[in-house]
Amino acid sequence: MAASDRLSALLVRRLSKELDRFIPNRSAMDFDFAHYMLTEGRKGKENKKGVVSSLSKEAYLKLLAETFNMNRTRIVAFKNKPLTPVELIPHQFYSSVHQLKSSKPPRHIPQQTSEKTLDAPDIIDDYCLNLMDWGSSNVLALALENTVYLWDASNGSASELVTVDDEVGPVTSVSWAADGQHIAIGLNDSSVQLWDSTEIRLLRTLKGGHQSRVGSLDWKNHILTTGGMDGKIINNDVTVRSHIVATFAGHQQEVCGLKWSASGQQLASGGNDNLLYIWDMSMASMHSRSQWLHKLEDHSAAIRALAWCPFQHNLLASGGGGSDCCIMFWDTHTGACLDSVDTGSQVCALLWNKNERELLSSHGSMQNQLTLWKYPSLVRISELTGHTSRVLFMDQSPDGHTVATAAGDETLRFWNAFGAPEVKKDAPKAEQPGPFPHIRQIR
């Protein structure tokens, strides 16, 4: 035999001695029962399938089964019970930690009736007008025909800001500036007035931009954007004499809704031509009509309800009129429709909850209700009823707690639609900038 073969044989014998299977604790096993189940037990089962055994044999088998406890199913069974496991973390401590994690109170479902109702006589029931706005100073502005009223939510007092002449009225839109002090008022004669609500003083009147009534307004810093029945959208710089700094051409009919995104980079506009446009500030032009970023044609009715999402960038919700009844959700970066829901009735206004992933819509047609939706599942959480006419105008308080609605039934209602906001610790107060921090003054 060669040396290599002898070496291989020696290694095999050595490994066979060192490596062996594991033998468990034999004292904990019942080998008698195991032997019986492997031999006589199997024969007993086979005999039961065949000829019936004699009575003496049956008695013997019964006695044998009782002796060896043959109702067991496992052949090799341990007699010793396993040790009780030791709890590394006490159960009481784990339960307390689990309770801490789930200590957030459940979502408050709003009551289905309004908390307060005020009269709003002579309010104009027109789908393309925007007659109510709640400012950052907690003052709500409401236009009733030729008069603009201010309601201070902090003390419940109401006052008259201005009553315009019949030659220029009625009032067709109102919008607070970000400072909560200055307010823009759109008029039926195509002009726009700027007022200081603290001093009750007319600052200036913007003319020459539109050829018909101005039904939509929205602010971006010192830029006031106006939309008219002529289909034009105009950016007005209120700090300079020549106030028109950019125009947006796209709508062929009246502009019903205007909303700037929180970043101020994109503007959404809805019109009576069933079109939704997304405009980008980088494409705005002073000397020529600006080109739209997206032209969205999915709605089949007029669009006045627009709301930018506060917790997701570039997410816009839009609502269609009576022959559409849909709320659509858009990625304004790509122009894609992310989702939609058929509400079954005319969509008049939309509001996002500032504290939860929820959307509130106001409607016309059958119930004239407010519907609270969970986003993104679009499950109906609750419906609030009380108005007897379509709920055209809706806004929320600065803290996001209270929602105000106004309708053609000539009532102004207040709802606890979103629940009380979370109490936050007071942060150190910084110096407050002026009403328009990036500009000199309104001329």
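Structural data are supplied above this passage.
In this text the structure is predicted, and so the values were computed from the model without any measurement. (Residues numbered from 1 in each chain as written. Predicted model: local features only at pLDDT ≥ 70, side-chain atom pairs only at ≥ 80, totals over all residues. Heavy atoms only, no water.)

Once that is clear, we can look at the overall build of the chain. Assigned secondary structure in the chain consists of five helices and 29 strands. When the 443 residues of the chain are sorted by exposure, 46% land in the buried category. Restricting to contacts in the chain with at least 6 residues of sequence separation, those with at least 24 account for 48%. For the chain, the accessible surface area stands at approximately 24,600 Å², while carbon and sulfur atoms represent 52% of it. (Helix = DSSP H or I, 4+ residues; strand = E, 2+ residues; numbered from the N terminus. Buried < 20%, exposed > 50% of the residue type's maximum accessible area, 1.4 Å probe, protein only. Contact = heavy atoms within 4.5 Å. Areas by Shrake-Rupley, 256 points an atom, 1.4 Å probe, with all protein chains shown as cover.)

Another aspect to go through is the sheet that holds strand β6 (residues 171-176). Strands sit in the order β6-β7-β8-β9 across an open sheet of four strands; the sheet is antiparallel. Since the sheet does not close on itself, it has two edges, and those belong to β6 and β9 (201-206), each with one partner. With strand direction ignored, the average angle separating the axes of adjacent strands in the sheet is 20°. The sheet contact formed by strand β8 (residues 192-196) and β9 spans five bridges and is antiparallel. (Pairing = 2+ DSSP bridges. Axes fitted to C-alpha atoms, helices over the stretch in contact; angles between N-to-C directions.)

Judged by side-chain charge, D119, D122, E145, D165, D166, E167 and E410 come together as a negatively charged surface patch. Among the secondary structure elements, E167 is positioned in the loop between β5 (157-163) and β6. (Patch = residues over 30% accessible without salt bridge, like charges linked within 9 Å, V, L, I, M, F, W, Y side chains within 5 Å. Salt bridge = Lys/Arg side-chain N within 4 Å of Asp/Glu carboxyl O. Lys, Arg positive; Asp, Glu negative; His and termini not counted. Charge placed at Lys NZ, Arg CZ, Asp CG, Glu CD.)

With that out of the way, let us pick up the pattern of salt bridges. As enumerated under the stated definition, the model contains five salt bridges in all. Across the pair D126 and R213 runs a salt bridge, and its minimum N-O distance is 3.1 Å. Placement of D126 in the loop between β1 (116-119) and β2 (132-134) and of R213 in the loop between β9 and β10 (214-220) is noted, with a sequence separation of 87 residues between them. Ionic pairing is found between E254 and R213, a salt bridge with its closest N-O pair at 2.9 Å. Of this pair, E254 sits in the loop between β13 (244-248) and β14 (255-260) while R213 is found in the loop between β9 and β10, placing the two residues 41 residues apart along the sequence. For R213, a relative accessible area of 12% puts it in the buried group. Taken together, the shared-partner salt bridges connect D126, R213 and E254 into one network.

Within the element layout of this structure, L217 appears in strand β10. You can call L217 buried: its relative accessible area is 9%. Sequence separation between L217 and G186 is 31 residues, and the spatial gap between their C-alpha atoms is 7.5 Å.

If you look at the biggest cluster of nonpolar residues, it comprises 34 residues, and the most contacted ones within it are L140, L142, I185 and L412. Counting residues per element, the ones that place at least two in this core are β2, β3 (139-144), β4 (147-152), β5, β6, β7 (182-187), β28 (403-406) and β29 (411-415). Here this core takes six residues from β3, the largest share from any one element. Residues within four places of I185 in sequence aside, it is in contact with V148, L161, V162, V171, S173, V174, S191, V192, Q193, W195 and L217. By size, the runner-up hydrophobic cluster in this structure holds 15 residues, among which are A307, L315, Y375 and L378. (Core = buried A, V, L, I, M, F, W, Y, C linked by side-chain atoms within 4.5 Å.)

Turning next to the sheet that holds strand β18 (residues 294-296). Strand pairing within a sheet occurs via backbone hydrogen bonds; the two strands may be parallel or antiparallel. Here four strands make up an open sheet; going across it, the order is β14-β15-β16-β18 and the pairing antiparallel. Both edges of this open sheet fall to β14 and β18, since each of them pairs with a single strand only. Looking at each pair of strands side by side, their axes are set apart by 15° on average, direction ignored. Across five bridges, the pairing between strand β15 (residues 266-271) and strand β16 (residues 276-280) is antiparallel. Bridge assignment links L267 to a residue of β16, and that residue is W279.

All right, on to the side chain of S197 then. Inspection of the secondary structure puts S197 in the loop between β8 and β9. Of note is the side chain of S197, whose polar atom sits 2.6 Å from the backbone oxygen of Q181. Not counting residues up to four positions away in its chain, the partners in contact with S197 are L150, L161, W176, G180 and Q181. (Polar contact = N/O pair within 3.5 Å; in protein donor to acceptor, adjacent residues only side chain to side chain.)

On to the pairing of strand β19 (residues 303-308). Counting buried positions along β19 gives six out of six residues, so the element sits mostly inside the fold. Sheet topology places β19 next to strand β20 (residues 315-320); five bridges connect them, and they run antiparallel. Each bridged residue has a counterpart across the sheet, and for I303 the counterpart in β20 is G320. The hairpin formed by β19 and β20 contains six residues between the paired strands, and N314 there has a positive phi angle of roughly 65°.

Right, let's talk about unusual backbone geometry for a bit. That bond from G169 to P170 is cis: its omega, 5°, falls within 30 degrees of zero. Residue position: P170 is located in the loop between β5 and β6. With omega at 10°, the peptide bond leading from Y375 into P376 counts as cis. Mapped onto the elements of the fold, P376 is located in the loop between β25 (370-374) and β26 (379-384). With a phi angle near 65°, N138 is a residue other than glycine that sits in the positive phi range. The phi dihedral of E145 is positive, around 55°, even though this residue is not glycine. As for its position among the elements, E145 is in the loop between β3 and β4.

The next point concerns the environment of S397. Looking at where S397 falls in the secondary structure, it is placed in the loop between β27 (393-396) and β28. Accessibility expressed as a relative area gives 4% for S397, which makes it buried. With 262 residues separating them along the chain, S397 and G135 place their C-alpha atoms 7.7 Å apart. A polar side-chain atom of S397 sits 3.3 Å from the main-chain amide nitrogen of H401.

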